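Take a look at the letters that make up each chain.
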Amino acid sequence: MKPGIKILTIVLISIFYTVKVEANEWQLKKDKNGIQVFTKQKADSDIHMYKVVASVAAKPDQVYRQVVDFEGNLKHMELVDSLNFLEHRVDELYRNYMHFNMPWPVRNRDLVVEMLVVKDEKGIYLESNNLPEYLPRNEGIIRIDEFSEKWVIQSGSNADESHIVVTGWVDPGGSIPDWVIRLTSVSTPYRFISGIIEEVMADR
């Protein structure tokens, strides 16, 4: 290989690798009221994952208690118009059914989700995954078959402050406009975490 061609090849490979790495890194999409929302494309998928980073002047257990106040949080859940409790084992496991009232002409969705709770001396960890076959499917409603979300709630710079990191993704399934996809990856998680923080601060 001629020197000039070799150098050009190396340059092109470097550019391709850099673009590929940057495309898979978290990109800041919203930074408001101390809450940052990042997104990145999920590997081998068109779905965009989200990551929310925030802090609040409250102990981790106070934040956690608000997160599992599902009924109280319903008003902060974008597009969710009803929530049914299926099984709750306090501080261990929470299973819920959620119905999403989508804007016309998008078909409504529903989701069966299970949240597992782990606590240790470093913090509180919540992992939620979908259970698509836990309940019979409803005709005319698209069941969300792919959903995952993780919460890490740890003490901040002092014991009365919490640092929150939430990562997750959802595949709404079916045919759905791009703006709805963007809603689920930026606006929806921002609104929910913002609502959690507002409730925590109001209860102090």
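Just above sits the structure.
The model shown is predicted, which means the values in this text are computed figures rather than measured ones.

Colleague: Tell me about the environment of serine 162, residues and numbers included.
Modeller: Here serine 162 is to be found in strand β10 (residues 162–171). Taking the relative accessible area as the measure of exposure, serine 162 reaches 0% and is therefore buried. In this structure the C-alpha to C-alpha distance between serine 162 and serine 55, which are 107 residues apart in sequence, comes to 5.5 Å. For serine 162, the residues in contact, after removing those within four places along its chain, are Ala54, Ser55, Val56, Ala58, Lys59, Pro60, Val63, Ile153, Gln154 and Gly156.

Colleague: Help me get a handle on the environment of serine 148, residues and values and all.
Modeller: Along the chain, the position of serine 148 falls in strand β9 (residues 146–155). Using a relative accessible area of 15% as the deciding quantity, one classes serine 148 as buried. Placed 22 residues apart in sequence, serine 148 and valine 170 show a C-alpha to C-alpha distance of 6.6 Å. Residue contacts for serine 148: discarding those within four places in its chain leaves Tyr50, Ser128, Asn129, Thr167, Gly168 and Trp169. Polar contacts involving the side chain of serine 148 include one to the side chain of asparagine 129, which spans 3.4 Å.

Colleague: A description of helix α2 (residues 60–67) should follow, citing residues and the corresponding values.
Modeller: Taken residue by residue, α2 has Pro60, Val63, Tyr64, Gln66 and Val67 as its buried positions. Seen along its axis, α2 keeps its buried residues to an arc of 160 degrees; they face one direction.

Colleague: Summarise the environment of valine 152; cite the residues concerned and give the values.
Modeller: Note that valine 152 resides in strand β9. With a relative accessible area of 28%, valine 152 lands in the partly exposed category. For valine 152 and isoleucine 124, which are 28 residues apart along the polypeptide, the C-alpha to C-alpha distance reads 6.0 Å. Ignoring sequence-local partners within four residues, the contact set of valine 152 consists of Ile124, Tyr125, His163, Ile164 and Val165.

Colleague: Quick rundown of the packing of aromatic side chains? Include the residues and the values.
Modeller: Inspection of every chain in the model, using the stated rule, returns 3 aromatic pairs. Measuring from centroid to centroid gives 6.4 Å for phenylalanine 70 and phenylalanine 85, while their planes differ by 65 degrees, and the two rings are edge-to-face. Taken together, the residues phenylalanine 70 in helix α3 (residues 70–73) and phenylalanine 85 in strand β4 (residues 80–89) connect sequence positions 15 residues apart. Assessed through its relative accessible area of 8%, phenylalanine 70 is described here as buried.

Colleague: I'd love a proper account of the side chain of serine 128, names of residues and values included.
Modeller: Considering the arrangement of structural elements, one finds serine 128 in strand β7 (residues 123–130). In this structure serine 128 touches Val113, Glu114, Met115, Phe147, Ser148 and Glu149, once residues within four positions along its chain are discounted.

Colleague: Tell me about the nonpolar core, residues and numbers included.
Modeller: Formed by 41 residues in total, the largest nonpolar core has its most connected members in Tyr64, Met98, Leu126, Trp151 and Ile193. Excluding residues that lie within four positions of it along the chain, leucine 126 makes contacts with Tyr64, Val67, Met115, Leu116, Val117, Glu149, Lys150, Trp151 and Ile153.

Colleague: Summarise the pairing of strand β3 (residues 48–56); cite the residues concerned and give the values.
Modeller: Of all 9 residues making up β3, 7 are buried, and the element is well covered by its neighbours. Bridge count between strand β2 (residues 35–41) and β3: 6 bridges; the pairing is antiparallel. Within β3, the position partnered with glutamine 36 by the bridge is valine 53. Two successive antiparallel strands, β2 and β3, enclose a turn made up of 6 residues, where aspartate 44 displays a positive phi of approximately 55 degrees.

Definitions and limits used
- Residues numbered from 1 in each chain as written.
- Predicted model: local features only at pLDDT ≥ 70, side-chain atom pairs only at ≥ 80, totals over all residues.
- Heavy atoms only, no water.
- Helix = DSSP H or I, 4+ residues; strand = E, 2+ residues; numbered from the N terminus.
- Buried < 20%, exposed > 50% of the residue type's maximum accessible area, 1.4 Å probe, protein only.
- Contact = heavy atoms within 4.5 Å.
- Polar contact = N/O pair within 3.5 Å; in protein donor to acceptor, adjacent residues only side chain to side chain.
- Arc of directions from axis to C-beta.
- Phe/Tyr/Trp six-rings, centres within 6.5 Å; stacked < 30°, edge-to-face > 60°.
- Core = buried A, V, L, I, M, F, W, Y, C linked by side-chain atoms within 4.5 Å.
- Pairing = 2+ DSSP bridges.

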